[in-house]
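# Observations on the three-dimensional arrangement
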Amino acid sequence: MTAHDGTATSTLAPSPDRNLALELVRATEAAAIRAHPWVGKGKKNLADGAAVDAMRAFLRTVDIDGVVVIGEGEKDSAPMLYNGERVGNANGPSCDIAVDPIDGTSLTAAGRPNAISVIAVSDRGSMYDPSAVFYMDKIVTGAEGRDVLDLDRPIADNIRALAGAMGKRVEDLAVAVLDRPRHHRLIEQIRATGAGTRLLLDGDVAAGISAALPGSAIDMCVGVGGTPEGIITACAIKALGGTMLTRLQPKDDEERDKAIDAGHRLDAVLDQDALVSGENTFFVATGVTDGLLVDGVRRSRGLLHTDSIVLRSRSQTIRRIRATHTAERWGDQWLHPRA
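Described in the following lines is the structure provided in the data block. (Residues numbered from 1 in each chain as written. Predicted model: local features only at pLDDT ≥ 70, side-chain atom pairs only at ≥ 80, totals over all residues. Heavy atoms only, no water.)

## Side note on the environment of H183
This is how it is decided: In this text, helices come from DSSP runs of H or I with a minimum length of four residues, and strands from runs of E with a minimum of two, each type numbered from the N-terminal end. A simple rule labels every residue: compare its accessible area, found with a 1.4 Å probe on the protein chains alone, to the largest value its type can have, and call it buried under 20%, exposed over 50%, or partly exposed in between. Contact definition: two residues touch when any of their heavy atoms are within 4.5 Å. Polar contact criterion, stated in full: a pair of N or O atoms within 3.5 Å, where within protein one must be able to donate a hydrogen and the other to accept it, and residues adjacent in sequence count only if both atoms are side-chain atoms.
For H183, the position within the fold is in the loop between β7 (174-178) and α5 (184-192). Given a relative accessible area of 3%, H183 falls into the buried group. For the pair H183 and G223, spaced 40 residues apart in sequence, the C-alpha to C-alpha distance is 7.0 Å. Setting aside residues no more than four positions away along its own chain, H183 makes contact with V177, L178, G223 and V224. A distance of 2.8 Å separates the side chain of H183 from the backbone nitrogen of V224, its partner in a polar contact.

In structure tokens, the structure reads:
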């Protein structure tokens with residue numbers, strides 16, 4: 001795997017695919033910059049709306065024929081970047097799109113870490129559609145977890161197995177998990193092994209990806225989280241050569257019945273290849289606030305600074321892109337919005 005800082009010259013031959021990654025970064029950068037004025041202002045809906053407007057505007061210019069598979073809900077309840085929406089200018093490859101203009105709207109509103117703007121892309125028809133099931137159980141690790149972890153085994157067994165595969169002591173492992181009442185017992189079980197926990201206030205995409213990144217401070221991400229976030233994470237995990245195991249978790253009998261009617265097997269374990277079957281995936285994220293994966297937007301002396309990560313499965317590349325933008329370009333109405 002190769003790593004780039006945004007300035008190095010790649011040895012890969014030029015292709016439209018590579019250019020697509022850079023176009024997608026423009027959309028996440030725009031969403032993060034638009035959300036930045038709302039950081040810590042307690043208005044998560046206004047932050048999300050600003051990010052959506054910016055992302056949509058930039059996606060219109062991208063050379064793809066895209067369909068949003070993972071968006072903000074159905075058209076009637078989510079008028080912005082809804083499931084089934086067509087994006088791009090229709091002049092490029094046919095793609096499935098997963099978007100989250102802000103993964104961590106509550107984090108943004110509170111001024112807390114780990115809010116990111118995200119786009120994931122794969123070949124048309126390759127993204128798993130979770131339909132009505134909003135939650136899934138997840139285990140995410142790096143390549144060492146392949147053929148080692150089992151979603152049906154107790155978490156203690158999986159932690160010990162991963163520690164052995166990584167050549168680490170259990171006590172040196174860090175396990176990320178959403179800090180929710182449903183996870184209280186899971187957190188106790190993790191700590192009982194001697195491993196440490198990294199409790200997340202919101203947004204498990206950054207933590208899941210960090211668990212698979214070389215040199216990360218997180219070794220594993222576990223627990224029940226959103227299915228949309230699971231699909232987005234899977235695109236990144238394929239690019240990192242990591243391991244992801246999931247199972248749908250309907251929240252009630254009505255959701256269970258809808259899932260069965262939609263043809264889902266609720267006992268099936270879905271790995272990253274089942275969640276995203278295509279072999280040419282992209283994952284792009286730009287920081288809104290500082291976090292595990294990327295730094296947040298910074299403003300100084302009329303300049304805006306963004307930090308992004310770009311992952312591509314076909315070339316197995318990780319690119320970090322730190323960009324500087326003139327604040328004047330974005331206009332006062334974007335940088336000083338009124339509620």
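## Notes on empty space enclosed by the protein
It is the rolling of a water-molecule-sized probe over the atoms that shows where space remains empty. This is how it is decided: Here a cavity is any set of points on a 1 Å grid over the protein atoms alone where a 1.4 Å probe fits but cannot get out, and a pocket is any open set with protein on both sides within 12 Å along at least 5 of 7 lines; a residue lines the site when it has an atom within 4 Å of a point. Grid points are joined across faces, edges and corners, and a volume is the space filled by probe spheres set on the points.
Summed over the entire model, instances satisfying the criterion amount to one cavity of 30 Å³ or more. By volume, the largest cavity is sized at about 80 Å³. Residue lining of the largest cavity: 14 residues in total, with K138, D204, C221, V222 and G223 positioned closest to the centre. Mapped by element, the contributors of at least two residues to the lining of the largest cavity are β6 (135-141) and β9 (220-226). No other element matches the five residues that β9 contributes to the lining of the largest cavity.

## What to know about the layout of surface pockets
The criterion, for reference: Residues are sorted three ways: Asp, Glu, Lys and Arg are charged, Ala, Val, Leu, Ile, Met, Phe, Trp, Tyr, Cys and Pro are nonpolar, and all the rest, Gly among them, are polar.
As a volume, the largest pocket reaches approximately 980 Å³. Around the largest pocket, the lining comprises 38 residues; the ones closest to its centre are G71, D100, F134, P228 and E229. Of all elements in the fold, only α2 (44-59), β2 (65-70), β4 (94-103), α3 (105-110), β9 and α7 (227-240) reach the threshold of two or more residues within the lining of the largest pocket. A per-class count over the lining of the largest pocket returns 13 nonpolar, 13 polar and 12 charged.

## A word on the nonpolar core
Put simply, the rule reads: For the purposes of this section, nonpolar cores are sets of buried Ala, Val, Leu, Ile, Met, Phe, Trp, Tyr and Cys residues that join through side-chain atoms within 4.5 Å.
With 46 residues, the main nonpolar core has I209, L275, F283, L293, I309 and L311 as its most contacted residues. Here this core gets eight residues from one element, more than from any other, and that element is α7. The residues touching I309, leaving out its near neighbours within four places in the chain, are L213, F283, V284, A285, L293, V294, I318, R319 and R320. Membership of the second largest hydrophobic core comes to 40 residues, among which are L20, M55, L107 and V310.

## A word on the environment of G104
Residue placement: G104 occurs in the loop between β4 and α3. C-alpha of G104 to C-alpha of D48: the two residues are 56 residues apart in sequence and 9.3 Å apart in space.

## Here's the deal with the pairing of strand β10 (residues 243-248)
What counts here: Strand pairing requires that DSSP identify at least two bridges connecting the strands.
Among the six residues in β10, six count as buried, and that is most of the element. Of the two faces of β10, both are covered, the one formed by T243, L245 and R247 as well as the one formed by M244, T246 and L248. Pairing of β6 with β10 involves six bridges; the strand directions are antiparallel. Each bridged residue has a counterpart across the sheet, and for T141 the counterpart in β10 is T243. In the sheet, β10 pairs with strand β11 (residues 270-271) via two bridges, with the strands oriented antiparallel. Each bridged residue has a counterpart across the sheet, and for T246 the counterpart in β11 is L270.

## Here we look at the side chain of S210
You can see S210 is positioned in helix α6 (residues 205-212). By relative accessible area, which is 1% here, S210 ends up buried. At 2.8 Å, the side chain of S210 and the backbone oxygen of A206 are in polar contact. Setting aside anything within four residues of it in sequence, one finds S210 in contact with S216, I218, L292 and L293.

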